[in-house]
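# Descriptive structure summary
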Amino acid sequence: MSAADTWLRDVFLYGIFAVAALYGYKRIFPGHLRSLNKRLSAWLMSKVMWRVHARCSEEKRLLFRDFDKITTQDERGPHILEIGVGPGNNHTHFPRPSRMSCIEPNSECKKYLEQNLRETRGVKLVQFVRGFAEDMLDFEDNTFDAVVCTFTLCTVRSLERALSEIKRVLKPGGVFFFMEHVAAPTSSWQRRAQDRLNVIWPAMTDGCNLNRETWRFVQDAGFSSTNFTHFSIKFRLISFKAGLYGTAQK
Ligand SMILES: C[S@@+](CC[C@H](N)C(=O)[O-])C[C@H]1O[C@@H](n2cnc3c(N)ncnc32)[C@H](O)[C@@H]1O
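As recorded in an unreviewed UniProt entry, the protein chain goes by the name Methyltransferase type 11 domain-containing protein, listed as coming from Batillaria attramentaria.

The subject of this paragraph is unusual backbone geometry. A cis amide bond links Arg 96 to the next residue, Pro 97, at an omega of -5°. Backbone geometry places Ser 187, a non-glycine residue, at a positive phi of 65°. Assignment of secondary structure puts Ser 187 in the loop between strand S5 (170–181) and helix H6 (189–197).

A few words now on the sheet that holds strand S3 (residues 123–129). Ordered by their spatial adjacency, 7 strands build an open sheet running S3-S2-S1-S4-S5-S7-S6, and the pairing between neighbours is mixed. The open sheet terminates on both sides in strands that have one partner only, identified here as S3 and strand S6 (225–232). Averaged over neighbouring strand pairs, the angle between their axes works out to 15° when direction is ignored. In this structure, S6 lies alongside strand S7 (residues 242–249), joined through 8 bridges in antiparallel fashion. Bridge pairing in S7 places Thr 229 opposite Tyr 245. Across the sheet, helix H5 (residues 159–169) touches strand S1 (79–83), strand S4 (144–150) and S5, and the angle it forms with S5 is around 145°.

Grouped together as the largest cluster of nonpolar side chains are 48 residues, with contacts concentrated most on Val 147, Phe 176 and Phe 177. Tallying contributions element by element places S5 first for this core, with 6 residues. Beyond its immediate sequence surroundings of up to four residues, Phe 177 is in contact with Leu 63, Phe 64, Asp 66, Ala 146, Val 148 and Thr 247.

Attention shifts here to helix H3 (residues 57–64). Looking at H3, one finds that the buried residues are Lys 60, Leu 63 and Phe 64. Seen end-on, H3 carries its buried residues on one side only, within an arc spanning 80°. When the buried face of H3 is taken as reference, the exposed residues oriented beyond 90 degrees from it are Glu 58 and Arg 61.

Consecutive side chains along a regular strand alternate between the two faces of the sheet. Sheet topology places strand S2 (residues 98–103) next to S3; 6 bridges connect them, and they run parallel. Residue Ile 103 lies in a different strand from S3, and its bridge partner there is Val 129. For the crossover that starts at S2, traverses helix H4 (residues 109–118) and ends in the parallel S3, the hand is right-handed.

What follows deals with the environment of Cys 109. Assignment of secondary structure puts Cys 109 in helix H4. For Cys 109, a count of 24 C-beta atoms within 10 Å translates into the label buried. Between the C-alpha atoms of Cys 109 and Trp 43, which are 66 residues apart in sequence, the distance is 7.8 Å. What Cys 109 contacts, discounting residues up to four positions off in sequence, is Ala 42, Met 45, Val 85, Gly 86, Pro 87 and Glu 104.

What counts, and where the lines are drawn
- Residues numbered from 1 in each chain as written.
- Predicted model: local features only at pLDDT ≥ 70, side-chain atom pairs only at ≥ 80, totals over all residues.
- Helix = DSSP H or I, 4+ residues; strand = E, 2+ residues; numbered from the N terminus.
- Pairing = 2+ DSSP bridges.
- Axes fitted to C-alpha atoms, helices over the stretch in contact; angles between N-to-C directions.
- Contact = placed C-beta atoms within 7 Å.
- Core = buried A, V, L, I, M, F, W, Y, C linked by C-beta atoms within 7 Å.
- Buried ≥ 20, exposed ≤ 12 C-beta atoms within 10 Å, placed from the backbone.
- Arc of directions from axis to C-beta.
- Right-handed = clockwise from strand over helix to strand, strands pointing away.

Okay, here's the thing in structure tokens:
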């Protein structure tokens, strides 16, 4: 057997061994891998997401200017719900004072959020709910002055359900703020690349979709008005370049 053949055989055998060991571990300790995965992804988000936000800083400034439109009689300030909050990259734009509640499936994010909130005076965390945008049963109808969601609508399982829940929990006149990476224009080569890569991308990334036409869903969700802008995110990766930010008012 040549050296190359021996090397190939070893790689193959070690590969089988690694897959079998991982499978066995998953069967014996099903909770362990899940919790490890959650811890790892919360940590990764805390290291990566602020860089994504830094690349959209001008658009975020323009988006969150619309907080000026929100008025409240409550001296504690508006109550804002952030969906899929991750480690918390938006609260520095919130009015002061304000109250913040969150819904996020990964409870490991809470410690990063609390850490970030400690550095921002005037924004008080009211409630951190472990859950999904599609099913916000912990929150009553007409509760929030604003809902904020950034880089999360690409991942939700049902965009229609999530938007219907967002509308339900907003007070009449309340505003939904969003910023997302979305589908590139139809028939562009960027869109073709997104469509092809999206065959495997969601499976590799906990459900992130590259080619969602998110603006269409927002327009169809029954808000009284919607306002959005397409922009180019300063990423090298072409699949993430098409950006969208905007507001929708209940
Ligand atoms: C790419 S991260 C963005 C985090 C944060 N919004 C930001 O902009 O830095 C996506 C977040 O959405 C959360 N998420 C995934 N599916 C969700 C769902 N169905 N409902 C609410 N949040 C979800 C993930 O756990 C993760 O924290």
